[in-house]
Amino acid sequence: MITLALSKGRIFDESAPLLAAIGLSLAEDPGKTRKLIVATKNPGVRVIIVRATDVPTYVQYGAADLGIAGSDVLAEHGGVGLYQPLDLAIAKCRMVVAAPEGFDYESAVKQGARLRVATKYIGTAREHFAAKGVHVDLIHLYGSMELAPLVGLADAIVDLVDTGNTLRANKLKVVEEIEPISSRLIVNPASLKLKRSALGPVIDAFGKAARG
Ligand code: ADP
Ligand code: PRP
Ligand code: MG
């Protein structure tokens, strides 16, 4: 049996066409069922439904043989113990620094102001500002980062942007690009050795489906 770790919402929604193309459609809709282990059309492959940030952990420890995770999540996890053979080019967005429309971020940075930055992505933010030599106090949040500058919790945020709708709705603007984000197929290296005859074709099929 091969176990694939997925998160519901965006990752599942954008993976669904790939899964269908390679014969791994789910027996139940993960958005509706309360089950956390879901069968696929292929009797040799099952899906476990976990939080997006937990996908690398399940794969790292071999509780799942493979999974689909955003490069943002993988950067925070560190990628230790994970083979990352494929960029699936789904759930694409950008990691950015954003600040209130009226805030002169460039001047604040030039003047050496110590900025307060709220983010779910502590590791990515720390690395970004350290590389620029900018001093920041990081505030760890778990969601709705866009609220932080509006209520005086932070001067800026590090978060994901796709359409820009969330930033616009909260009168924030992008002040720096950090990196483009997309989702990757991740594989447990021991699984790959022990189950190569079963896993190899699944990985190859994902690759073909992702290339369209
Ligand atoms: P969470 O509940 O952890 O926020 P999401 O389903 O929102 O889970 O995000 C899962 C992954 O999808 C993220 O790790 C990221 O790679 C990607 N993602 C998040 N937000 C967006 C977005 N607005 N547009 C495109 N991709 C996104
Ligand atoms: C993500 C991200 C931004 C928003 C950006 O939030 O954290 O808030 O999408 O997308 P946009 O530029 O198209 O508006 P998400 O919808 O995943 O909400 P949640 O993670 O707080 O549940
Ligand atoms: Mg989200």
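Here the structure is a predicted model, which is why all the values come from computation and not from measurement.

Here's the deal with helix 8 (residues 196-211)
The first and last C-alpha atoms of helix 8 sit 22 Å apart over 16 residues, in line with the 22 Å expected at 1.5 Å per residue. For helix 8, the set of buried residues is Leu199, Gly200, Val202, Ile203, Phe206, Gly207 and Ala209. On its buried face, helix 8 sits against strand 1 (2-6), helix 1 (10-21), strand 4 (66-70), strand 5 (83-87), strand 11 (183-187) and helix 7 (189-194). Count one or two residues on from helix 8 and you reach Gly212, which has phi positive near 75 degrees.

Observations concerning the layout of surface pockets
Considering only enclosed or pocket space, the largest pocket measures out at about 1,100 Å³ in volume. What lines the largest pocket is a set of 38 residues, among which Arg10, Asp72, Lys120, Tyr121 and Leu160 lie closest to the centre. Elements represented by at least two residues in the lining of the largest pocket include exactly helix 1, helix 3 (71-77), strand 9 (156-161) and helix 6 (165-169). In terms of residues, the lining of the largest pocket owes the most to one element, helix 3, which gives four residues. For the lining of the largest pocket, a count of residues per class yields 13 nonpolar, 14 polar and eleven charged. Three or more residues apiece are contributed to the lining of the largest pocket by two domains, here domain 1 (2-91 + 182-210) and domain 2 (93-180).

A word on the domain arrangement of the protein chain
Segmentation of the protein chain into domains returns domain 1 (2-91 + 182-210) and domain 2 (93-180). Distance from the C-alpha centre of domain 1 to the C-alpha centre of domain 2: 30 Å. Facing the six residues of domain 1 at the interface are nine residues of domain 2. Both sides of the domain 1 and domain 2 interface together cover about 500 Å² of buried area, and 43% of this is carbon and sulfur. Here domain 1 and domain 2 share zero salt bridges between them. The interface formed by domain 1 and domain 2 includes four residue pairs in polar contact (both at pLDDT 80 or more). Among the residues forming the side of domain 1 that touches domain 2, the class breakdown is two nonpolar, two polar and two charged.

Notes on the site of ligand 2
In the vicinity of ligand 2, the contacting residues are Arg10, Glu146, Asp159, Leu160, Val161, Asp162, Thr163, Gly164, Asn165 and Thr166. Between Glu146 and ligand 2, the recorded distance is 2.6 Å, taken from a side-chain N or O atom to an oxygen atom. At 2.5 Å from an oxygen atom of ligand 2 is found a side-chain nitrogen or oxygen belonging to Thr163. Considered on its own, ligand 2 offers 510 Å² of accessible surface; in the complex 62% of this is hidden by protein. Placement of ligand 2 is best described as lying within the largest pocket. Those elements that place two or more of their residues in the shell around ligand 2 are strand 9 and helix 6. Broken down by element, the residue count for the shell around ligand 2 peaks at three residues, all from strand 9.

A short note on the site of ligand 1
In the vicinity of ligand 1, 13 residues are found, and the nearest of them are Arg10, Asp72, Ala91, Lys92 and Lys120. The side chain of Asp72 places a nitrogen or oxygen atom 2.7 Å from an oxygen atom of ligand 1. For ligand 1, whose accessible area on its own is 560 Å², the fraction buried by protein is 77%. Here ligand 1 is seated within the largest pocket. At the level of elements, helix 1 and helix 3 are the ones that each hand at least two residues to the shell around ligand 1. Within the shell around ligand 1, the residues separate by chemical class into seven nonpolar, one polar and five charged. Two domains share the shell around ligand 1, each providing at least three of its residues, namely domain 1 (2-91 + 182-210) and domain 2 (93-180).

Reading the values: the criteria
- Residues numbered from 1 in each chain as written.
- Chains lettered and ligands numbered in written order.
- Predicted model: local features only at pLDDT ≥ 70, side-chain atom pairs only at ≥ 80, totals over all residues.
- Heavy atoms only, no water.
- Helix = DSSP H or I, 4+ residues; strand = E, 2+ residues; numbered from the N terminus.
- Expected span 1.5 Å × (residues − 1).
- Buried < 20%, exposed > 50% of the residue type's maximum accessible area, 1.4 Å probe, protein only.
- Contact = heavy atoms within 4.5 Å.
- 1 Å grid on protein atoms, 1.4 Å probe; cavity = no way out; pocket = protein on both sides within 12 Å on 5 of 7 lines; lining within 4 Å.
- Points joined across faces, edges and corners; volume = space filled by probe spheres on them.
- Nonpolar A, V, L, I, M, F, W, Y, C, P; charged D, E, K, R; others polar.
- Domains from an automatic or database assignment.
- Buried area = accessible area lost by both parts, 1.4 Å probe.
- Salt bridge = Lys/Arg side-chain N within 4 Å of Asp/Glu carboxyl O.
- Polar contact = N/O pair within 3.5 Å; in protein donor to acceptor, adjacent residues only side chain to side chain.
- Near = heavy atom within 4 Å.
- Areas by Shrake-Rupley, 256 points an atom, 1.4 Å probe, with all protein chains shown as cover.
- Sits in = over half its atoms within 2 Å of the grid points.

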